[in-house]
Amino acid sequence: MDQHMNYGGDYKYIPTTSVGSGVGIEVLPDLFNYTVQIVNIHFVGNPKTDDFVLVDAGMPDSAEEIISTTEDRFGKNSRPKAIILTHGHFDHVGAIIELVDHWQIPVYAHELELPFLTEQQRYPEPDPTVEGGMVAKMSPMFPNEPIDLGSHVEKLPSDGSVPHMPDFKWIHTPGHSPGHVSLFREKDGALIAGDAFVTVKQESLYKVLTQEQEISGPPRYLTPDWEAAKESVIKLESLKPTVAVTGHGLPMSGQLLSTSLEKLVREFDSIAVPDHGKYVDKNKH
Ligand SMILES: [Zn+2]
Ligand SMILES: [Zn+2]
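Let me sum up the structure you'll find in this document.

**As for the overall build of the protein**
Regarding its fold elements, the protein presents nine helices and 12 strands. With respect to the three principal axes, the spread of C-alpha positions in the protein is 55 × 40 × 40 Å. Expressed as a percentage of the 285 residues in the protein, the buried residues total 60%. The long-range share in the protein, meaning contacts at least 24 apart out of those at least 6 apart in sequence, stands at 64%. Counting only carbon and sulfur atoms, one obtains 51% of the accessible surface of the protein, whose full area is about 11500 Å². Here the protein carries 23 positive and 41 negative side-chain charges, and the mean point of each set is 5 Å from the other.

**With respect to the sheet that holds strand β5 (residues 83–84)**
Sheet architecture is open: seven strands sit in the order β1-β2-β3-β4-β5-β6-β7, paired in mixed fashion. Bordering the open sheet on either side are β1 (24–28) and β7 (153–155), each of which pairs with just one other strand. Both strand β2 (residues 31–36) and strand β3 (residues 39–44) contribute to a ladder of six bridges, which runs antiparallel. The residue of β3 that forms the bridge with Thr-35 is Asn-40. Seen against the sheet, helix α1 (residues 63–74) touches β1, β2, β3 and β4 (53–55) and runs at an angle of roughly 155° to β2.

**A short note on the sheet that holds strand β10 (residues 190–192)**
Overall, mixed pairing links the five strands, which are arranged β8-β9-β10-β11-β12 in an open sheet. With partners counted over all chains shown, the strands left at the sheet margins are β8 (168–172) and β12 (252–253), one partner each. With two bridges connecting them, strand β11 (residues 243–245) and β12 associate as antiparallel partners. Bridging across to β12, Ala-244 finds its partner in Met-252.

**Re the coordination of the zinc ion (ligand 1)**
For a metal with four tetrahedral donors the ideal donor-metal-donor angle is 109.5 degrees, while six octahedral donors give ideal angles of 90 or 180 degrees. Protein-derived ligands of the zinc ion (ligand 1) are His-87 (NE2), His-89 (ND1), His-176 (NE2) and Asp-195 (OD), with the metal-ligand distances lying across 2.1 to 2.4 Å. For the zinc ion (ligand 1), the four donor atoms in the first shell make angles of 88 to 177° at the metal, a pattern classed as irregular. All donors of the zinc ion (ligand 1) come from a single chain, and their spacing in sequence reads H-x1-H-x86-H-x18-D. Here the zinc ion (ligand 1) and the zinc ion (ligand 2) are spaced 3.2 Å apart, with Asp-195 acting as a shared donor. Taken together, the residues span a long stretch of sequence, with His-89 in the loop between β5 and α2 (90–93) and His-176 in the loop between β8 and β9 (181–185) at a distance of 87 residues. A single burial state applies to His-89 and to His-176, both of which are buried.

**Structural notes on the coordination of the zinc ion (ligand 2)**
The zinc ion (ligand 2) binds to the protein through Asp-91 (OD), His-92 (NE2), Asp-195 (OD) and His-248 (NE2); the donor distances cover 2.1 to 2.8 Å. Given four donor atoms and angles of 82 to 157° at the metal, the environment of the zinc ion (ligand 2) is assigned as irregular. The buried category is assigned to His-92, whose relative accessible area is 0%.

**Details of the packing of α1 against helix α3 (residues 96–103)**
The description of two helices packed together rests on the angle between their axes and the distance between the axes. Where α1 contacts α3, the axes come no closer than 9 Å and their chain directions differ by 50°. Our classification of the angle between α1 and α3 gives oblique. At the point where α1 passes α3, the crossing takes the right-handed sense. Residues Ala-63, Ile-66, Ile-67 and Thr-70 of α1 touch α3, and the partners they reach there are Glu-98, Leu-99, His-102 and Trp-103. Classifying every residue of the contact of α1 with α3 by side-chain character gives five nonpolar, two polar and one charged.

About the thresholds
Residues numbered from 1 in each chain as written. Chains lettered and ligands numbered in written order. Predicted model: local features only at pLDDT ≥ 70, side-chain atom pairs only at ≥ 80, totals over all residues. Heavy atoms only, no water. Helix = DSSP H or I, 4+ residues; strand = E, 2+ residues; numbered from the N terminus. Buried < 20%, exposed > 50% of the residue type's maximum accessible area, 1.4 Å probe, protein only. Contact = heavy atoms within 4.5 Å. Areas by Shrake-Rupley, 256 points an atom, 1.4 Å probe, with all protein chains shown as cover. Lys, Arg positive; Asp, Glu negative; His and termini not counted. Charge placed at Lys NZ, Arg CZ, Asp CG, Glu CD. Pairing = 2+ DSSP bridges. Axes fitted to C-alpha atoms, helices over the stretch in contact; angles between N-to-C directions. Donors = N, O, S within 2.8 Å, 3.2 Å for Na, K, Ca; no water. Tetrahedral: all angles 85-135°; square planar, octahedral: opposite > 155°, others 65-115°. Parallel < 35°, antiparallel > 145°, perpendicular 65-115°, else oblique. Left-handed = near helix turned anticlockwise from the far one by under 90°. Nonpolar A, V, L, I, M, F, W, Y, C, P; charged D, E, K, R; others polar.

Written out as structure tokens, the structure reads:
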């Protein structure tokens, strides 16, 4: 392994999965959503070409699966031009060091996320006391120590462009994490939301397992700033996306997406924000 990159000391395989694990869905001809256990990764670019990127990097111990999925779609020995991170939580960077080693490609993330990717800062501890179910209760066993990608990670360009994704712009959507970004393509309304909102109730083991489709705010146990999280959802809804892939849950599009997002904006405090928890002070509002 590259001597300049290290996972946090607590990175390990997490034994949770969903019915969607191992399933790939072509959401658009150049947007492919693939589920690694309980988290999604996205390939952007046309199949059987060299011109594509990977958004997010799956769960710990999933590099081989991600590489073979890549080669199935883009051809033997194909590799993305870059990995773009929506944020640095363990389930979005779980295989990144093996992938960077194997492909020798750069990683891009928002400037405010870089301290968490270069071992300078750690995310707040997950909050298992938020209501919602087993996954929330399991969250203290999730890896939380910062990883170090050293010089392999760079900040996203400040003009809003996304390297190797010509029609996309990155949009700062903090709340779930300080440097969280979503990626949006105006010409067809395609949105890669990350965990700014998700389409499954990620706290509930049953709903994660069955992937029952239901719009939800960011995963509760890992979201420290609910005011910023709400502003981010408002920002994304105002873009009127026509199709969305998210960090967790099935892709959503059309009328279901627009009505679900409107509802999430309208009822954010009751749908998204937990009634109690370390990072909530409902009396404040
Ligand atoms: Zn996250
Ligand atoms: Zn996530």
